[in-house]
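# A look at the structure
Listed here are the chains, written in short residue letters.
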Amino acid sequence: MDACTLVSVLIVLGVLLVLGLAVFGGLRTSSPRRRFEYCPSCDATLPDRDDQCPECGLDLLGKLADRLERIRLARLEIRQLEDEGNSTRKLQAV
Ligand SMILES: [Zn+2]
């Protein structure tokens, strides 16, 4: 194998390595992120592709949005329990 062939093989292997990293790296980062239907902060209806609430400016990709969403869901759950006839006394024990 002469030097020119060796260099060609190395270049091809390098290109394949870069393409492989791009494909597998892209697959790893393109996992679907949970999207909010409503803003966890102000309950505004959110467009499909926004990363920021158009009403209050909340960063929908940030940790604060995740935490606020958990609080919003807890509020909804409490309201539903109240609507089902559970007394406030029972709910305070939670
Ligand atoms: Zn908002």
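Just so it is clear, the model here is predicted, and its values are computed rather than measured.

## Let's talk about the overall build of the chain
Looking only at helices and strands, the chain has three helices and zero strands in total. In the chain, the succession of α and β elements from N to C terminus is α-α-α. With 94 residues in all, the chain has 6% of them scored as buried. A sequence separation of at least 24 residues applies to 20% of the contacts in the chain between residues at least 6 apart.

## A few points about the confidence of the model for the chain
Scored by pLDDT, the chain comes out at a mean of 79, with 65% of its residues at no less than 70. The element-level mean pLDDT for the chain is lowest in helix H1 (residues 3–29), coming to 64, with helix H2 (residues 63–83) highest at 93.

## Examining H2
End to end, H2 covers 31 Å across 21 residues, agreeing with the expected 30 Å (1.5 Å per residue, within 8%). Counted residue by residue, H2 has zero buried out of 21 residues, so it is predominantly exposed. Immediately beyond the C-terminal end of H2, within one or two residues, lies Gly-85, with a positive phi of roughly 95 degrees.

## Remarks on the environment of Ala-65
With respect to the helices and strands, Ala-65 occurs in helix H2. Look at Ala-65 and you get partly exposed, because 19 C-beta atoms sit within 10 Å. Linking Ala-65 and Ser-41, residues 24 residues apart in sequence, is a C-alpha distance of 7.4 Å. Those residues within four positions of Ala-65 in sequence are excluded, and the remaining contacts are Phe-36, Pro-40, Leu-58, Asp-59 and Leu-60.

Calculation criteria
Residues numbered from 1 in each chain as written. Predicted model: local features only at pLDDT ≥ 70, side-chain atom pairs only at ≥ 80, totals over all residues. Helix = DSSP H or I, 4+ residues; strand = E, 2+ residues; numbered from the N terminus. Buried ≥ 20, exposed ≤ 12 C-beta atoms within 10 Å, placed from the backbone. Contact = placed C-beta atoms within 7 Å. pLDDT = per-residue confidence, 0-100. Expected span 1.5 Å × (residues − 1).

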